[in-house]
Amino acid sequence: MTDSTHSADLSSDLALALRLADAADAQSLARFDSADLEIRTKADRSHVTDADLATERAIREILASERPDDGIFGEEFGAEGSTERQWIIDPIDGTANFLRGVPLWGTMIALAVDGVPQVGVVSMPALSRRWWGSTGSGAWTATDDGPRRLHTSDVSSLDDASVSFQSITQWADAGRLPQLLTLADRVWRDRAYGDIYAYMLLAEGRLEMVAEFGVKEYDIAAAVPIVREAGGRMTGFDGAETISDLSTLASNGTLHDAFLELLHD
């Protein structure tokens, strides 16, 4: 996730990513809270619905037509093509919420260049919310008055920090429950907002940290340019600058080292 300088203009890629989100929303929202939603269990015991599959197919069809030389890595249909320019797709992040009728789910679309996410779009149509960012162009969200630029908070003390830890079970399974309890005891406020929404709250300056385990690239890639361009920082839980660490720690930037020190003391 280390920032790198790319001279290429990303505006056309961002515009495409936003159109991909439009196509995704049309598929997913039509199936949300549907009585005939088709659900099955994958080999890893996670759920997949007909909406997940249809949403990723819709994105892939557009990319095949408009970016045939780019690679794609999606949660439901895997990876194909080049990794130099690779679109990383999570068609419905928060499928468990989706299938229970909870509106905290969304589509994540990222473009990684040489392994570094440079464009990211997160769309949560059940909330009528969307966020986007690209390297050098800032991070933004849509409002009734037009796009609003995002900035992480300027909170500089752990005593005043609000954090999202995703789930107790996730930290326990990773052998990190003692660190979670230490974190909760140290900060002002701890909540489990869950999935991609927590990262967007961070980018908006409403949280100071999000951390989770057991993640894949498609779970977090779209958040990277948004959080980074908003002034935040994202690493692995151990501080490594990667999106393939199977863990992530995102912060407002100011408190990143303090969180790492606290959680590894």
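Before reading on, note that the structure itself is shown above.
Remember, it's a predicted structure, so these values are computed and weren't measured experimentally.

What counts and what doesn't
Sequence positions are assigned chain by chain, starting from 1 and proceeding in written order. Local features are withheld for residues below a pLDDT of 70 in this predicted model, meaning they are given only at 70 or higher, and side-chain atom pairs are given and counted only at 80 or more; totals for whole chains, interfaces and linings count all residues. The basis for every side-chain value is the complete set of heavy atoms in the structure, and neither hydrogens nor water enter the calculation. For each structure, a 1 Å grid was placed over the protein atoms alone; sets of points admitting a 1.4 Å probe that cannot get out are labelled cavities, open sets with protein on both sides within 12 Å along at least five of seven lines are labelled pockets, and lining residues have an atom within 4 Å of a point. Grid points are joined across faces, edges and corners, and a volume is the space filled by probe spheres set on the points. In this description a helix means any DSSP run of H or I spanning at least four residues, a strand means any run of E spanning at least two, and both kinds are numbered starting from the N terminus. Note on residue categories: nonpolar means Ala, Val, Leu, Ile, Met, Phe, Trp, Tyr, Cys or Pro, charged means Asp, Glu, Lys or Arg, and polar means any other residue, Gly included. Only buried residues count toward a nonpolar core, which is a set of Ala, Val, Leu, Ile, Met, Phe, Trp, Tyr and Cys residues joined through side-chain atoms within 4.5 Å. Buried residues are those whose accessible area, probed at 1.4 Å on protein chains only, stays under 20% of the maximum for their type, while exposed residues exceed 50% and partly exposed ones sit between those limits. In what follows, residue pairs with any heavy atoms lying within 4.5 Å of each other are defined as contacts. Pairs of strands are assigned from DSSP output, requiring at least two bridges between the strands. Angular values range over 0 to 180 degrees, each being the angle between N-to-C directions of two axes fitted as lines to C-alpha atoms, with helices fitted over their stretch in contact. Centres within 6.5 Å make a pair out of two Phe, Tyr or Trp rings, where for Trp the six-membered ring is used; the pair is then stacked when the planes are under 30 degrees apart, edge-to-face when over 60, and tilted otherwise. Patch rule: a residue counts if its relative accessible area is over 30% and it has no salt bridge; like charges are joined within 9 Å, and nonpolar side chains (Val, Leu, Ile, Met, Phe, Trp, Tyr) within 5 Å. Exposure was quantified through the Shrake-Rupley algorithm and a 1.4 Å probe, taking into account, for residues, occlusion by the shown protein chains and nothing else. Every case where a carboxyl oxygen of Asp or Glu lies within 4 Å of a side-chain nitrogen of Lys or Arg is listed as a salt bridge.

> Tell me about the layout of surface pockets, and name the residues and values.
In this structure, the largest pocket encloses a volume near 940 Å³. Ser46, Gln170, Asp195, Gly214 and Asp219 are, among the 31 residues lining the largest pocket, the residues nearest its centre. Of all the secondary structure elements, the ones that give two or more residues to the lining of the largest pocket are strand 5 (85-93), helix 3 (95-100), helix 4 (168-173), helix 6 (195-203), strand 13 (209-213) and helix 7 (217-220). By residue class, the composition of the lining of the largest pocket is eight nonpolar, eleven polar and twelve charged. Considering only enclosed or pocket space, the second largest pocket measures out at about 150 Å³ in volume. The residue inventory of the lining of the second largest pocket, partitioned by class, reads four nonpolar, five polar and one charged.

> Describe the nonpolar core, listing the residues and the values that go with them.
Judged by nonpolar contacts, the single largest core of 32 residues is most densely connected at Ile88, Val122, Ile196, Tyr199, Met200, Ile226 and Met234. Considering each element in turn, this core owes the most residues, seven residues, to helix 6. When neighbours within four sequence positions are excluded, Val122 is seen to be in contact with Thr107, Met108, Arg129, Arg130, Trp131, Ile196, Met200, Ala222 and Ile226.

> Can you tell me about the sheet that holds strand 10 (residues 146-149), naming the residues and giving the values?
An order of 4-3-5-6-7-8-9-10 is seen for the eight strands of this open sheet, with the pairing classed as mixed. Where the open sheet ends on each side, the last strands, each with one partner, are strand 4 (78-80) and strand 10. On average, each strand axis in the sheet is inclined to that of its neighbour by 20°, with strand direction left out of account. Pairing geometry for strand 8 (residues 129-134) and strand 9 (residues 138-143), over four bridges, is antiparallel. The residue of strand 9 that forms the bridge with Trp132 is Trp140. This element, helix 2 (residues 50-66), spans strand 3 (71-74), strand 4, strand 5 and strand 6 (106-113) of the sheet and lies at about 155° to strand 5.

> Talk me through unusual backbone geometry; I want residue IDs and the actual numbers.
If you check the backbone angles, Asp33 has positive phi at about 60° while not being a glycine. On the secondary structure map, Asp33 appears in the loop between helix 1 (11-31) and strand 1 (39-41). On the accessibility criterion, Asp33 (60% relative accessible area) is exposed. Of note, Asp195 is a non-glycine position whose phi angle comes to about 55°, a positive value. Within the secondary structure layout, Asp195 lies in helix 6.

> Could you give an account of the packing of aromatic side chains, with specific residues and numbers?
Each aromatic ring pair is described using two quantities: the centre-to-centre distance and the angle formed by the ring planes. In total, this model carries eight aromatic pairs according to the counting rule given. Ring geometry for Phe32 versus Phe98: centroids 5.4 Å apart, planes at 50°, classification tilted. One end of the pair, Phe32, is in the loop between helix 1 and strand 1; the other, Phe98, is in helix 3, and 66 residues separate them in sequence. Among the residues examined, Phe98 registers a relative accessible area of 1% and is labelled buried.

> How would you sum up a nonpolar patch on the surface? Please name residues and give values.
Nonpolar side chains collect at one region of the surface, where Ile168, Leu177 and Leu181 lie side by side and expose about 280 Å² of accessible area between them. Residue Leu177 is classed as partly exposed on the basis of its relative accessible area of 31%.

> Which residues make up the sheet that holds strand 14 (residues 233-235), and what are the values?
Here we have five strands laid out as an open sheet, ordered 12-11-13-15-14, and mixed in their pairing. Bordering the open sheet on either side are strand 12 (189-191) and strand 14, each of which pairs with just one other strand. Across the sheet, the mean angle separating the axes of adjacent strands is 15° when strand polarity is ignored. With five bridges connecting them, strand 13 and strand 15 (residues 247-251) associate as antiparallel partners. Looking across to strand 15, one finds that Met209 is bridged to Ser251. Relative to the sheet, helix 6 contacts strand 11 (162-164), strand 13, strand 14 and strand 15, its axis offset from that of strand 13 by approximately 155°. Sheet strands in contact with helix 9 (residues 256-263) are strand 11, strand 13, strand 14 and strand 15, and its direction is about 135° off that of strand 15.

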